[in-house]
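Fold and contact review
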Amino acid sequence: MSFKKLIEPLKDSLKSKGFNEPIGVQKLILSKIKGGANLFCIAPKDSGKTTSIVLSVIQKLKGKAFEDAPRVLIFVKDKQAALDLELEFNAFLRGTDLRVYSAYDQKNIDQQRDDIYDGVDVVIATPKRLNRIFYLNGINLNKLQMCIVEDADFLFRNNNFAEVTRTPESIGRCQYLVFAEHFDKRFERWQDSFMFNSEVVTYKKD
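Attention in this report is confined to the structure presented alongside it. (Residues numbered from 1 in each chain as written. Predicted model: local features only at pLDDT ≥ 70, side-chain atom pairs only at ≥ 80, totals over all residues. Heavy atoms only, no water.)

**A word on the sheet that holds strand β7 (residues 199-202)**
To keep things clear, this is the line we draw: DSSP bridges decide pairing: two strands pair if at least two such bridges lie between them. The helix count covers DSSP runs of H or I at least four residues long, the strand count covers runs of E at least two residues long, and both are numbered beginning at the N terminus. The axes are straight lines fitted to the C-alpha atoms, using for helices just the contacting stretch, and the angles between their N-to-C directions are given from 0 to 180°. The contact definition used throughout considers only heavy atoms, calling two residues in contact when any of these lie within 4.5 Å.
Taken in spatial order, the seven strands of this open sheet run β3-β4-β2-β5-β6-β1-β7, and their pairing is parallel. Edge positions in the open sheet fall to β3 (100-103) and β7, since each of these has one partner strand only. Across the sheet, the mean angle from the axis of one strand to that of its neighbour is 15°, orientation sign disregarded. Where helix α3 (residues 49-60) meets the sheet, it contacts β1 (39-42), β2 (72-75), β4 (122-125), β5 (146-149) and β6 (175-180), and its direction lies at approximately 170° from that of β5.

**Brief notes about the nonpolar core**
Using the following cut-off: Take the buried Ala, Val, Leu, Ile, Met, Phe, Trp, Tyr and Cys residues and link them wherever side-chain atoms come within 4.5 Å; each set so joined is a nonpolar core. Think of it in three bands: residues with accessible area under 20% of the maximum for their type are buried, residues over 50% are exposed, and the middle band is partly exposed, with areas taken using a 1.4 Å probe on protein chains only.
Grouped together as the largest cluster of nonpolar side chains are 38 residues, with contacts concentrated most on V57, I58, I74, F89, V122, I124 and I148. Counting residues per element, this core draws most heavily on α3, which supplies five residues. Residues contacting V122, with those up to four places away along its chain left out, are V57, L61, V72, I74, F89, R99, V100 and Y101. Core analysis: the second largest hydrophobic core is formed by 32 residues, A103, V149, F154 and C174 among them.

**Some points on the environment of V57**
Of note, V57 is situated in helix α3. In this structure, the C-alpha to C-alpha distance between V57 and R71, residues 14 residues apart in sequence, is 9.4 Å. Non-local contacts of V57, meaning those with residues more than four positions away in its chain, are made with V72, I74, F89, V122, M146 and I148.

**A word on the packing of helix α5 (residues 109-117) against helix α6 (residues 127-135)**
Using the following cut-off: Here roughly perpendicular refers to angles of 65 to 115 degrees, roughly parallel to angles under 35, roughly antiparallel to angles over 145, and oblique to all remaining angles. Residue classes follow a fixed rule: Ala, Val, Leu, Ile, Met, Phe, Trp, Tyr, Cys and Pro count as nonpolar, while Asp, Glu, Lys and Arg count as charged, and any other residue, Gly among them, counts as polar.
Packing of α5 against α6 leaves a shortest axis separation of 10 Å and a crossing angle of 70°. It follows from the interaxial angle that α5 and α6 lie roughly perpendicular. Facing α5, whose interface residues are I109, Q112, R113 and I116, α6 presents R129, R132 and I133. Tallied by class, the residues present in the contact of α5 with α6 amount to three nonpolar, one polar and three charged.

**Things to note about the pattern of salt bridges**
The cut-off we apply is this: The working definition used for a salt bridge is a side-chain nitrogen of Lys or Arg within 4 Å of a carboxyl oxygen of Asp or Glu.
The full count for this structure, using the stated rule, is nine salt bridges. R113 is paired through a salt bridge with D110; the nearest N and O atoms lie 3.4 Å apart. Highlighted residues: R113 and D110, both in helix α5, separated by three residues, approximately one helical turn. A relative accessible area of 38% means that D110 is categorised as partly exposed. The salt bridge partner of K185 is E188, with a shortest N-O separation of 3.2 Å. Since its relative accessible area comes to 61%, K185 is described here as exposed. The exposure class assigned to E188 is partly exposed, which follows from its relative accessible area of 33%. Here the salt bridges share partners, and the residues they tie into one network are R71, R99 and D121.

**Side note on the packing of α3 against helix α4 (residues 79-90)**
Our working definition: Two helices crossing with the near one rotated counterclockwise from the far one by less than a right angle form a left-handed crossing, whereas a clockwise rotation gives a right-handed crossing.
For the pair α3 and α4, the least separation of the axes is 10 Å and the interaxial angle reads 55°. Taken together, the axis directions place α3 and α4 in an arrangement best described as oblique. Between α3 and α4 lies a crossing of right-handed hand. When α3 is examined against α4, the residues T50, T51, V54, V57 and I58 are found in contact with a partner set consisting of L85, E88 and F89.

Here it is in structure tokens:
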């Protein structure tokens, strides 16, 4: 997908950063994501996966805040990953009013629950913290349009895979995107359930 097809705020942000066309894995996946496909994106580090997430989410939400319930949920491995991804979002939010919020274990859970209840568009969360907030009735997942896992290789430690697998049981129709450096055979369980008919896109650097 050409950057020309993005909303104006994104085009302005990309232009200011000197990006004129998609790079690396972005050439393969941006149009597929825009089309609503469920994807496993397998690509090496520093190939454009994180920027692809940010661009796709902002484009999907048209850069506009809407009501209170989040429309995008992104799972990350830990606090630092959450803060890093939030920072990446902030670099592209100029000209939009989207609300991006990070939830992780080291922060007061009651405060996080209240912050999310007040209204956010994108929640970046560690799996365990997201599920704790959910079971406290602190987040409404009924409006989700996208559920994303960034750097999914972390899922196979500390029961994170099971934590993330529970989430689709609580939401309706949604687009699922999983980004990782390697395709693990355990992902096949997801292909047989909520990621039925998903596509695996593999990118290798030259």
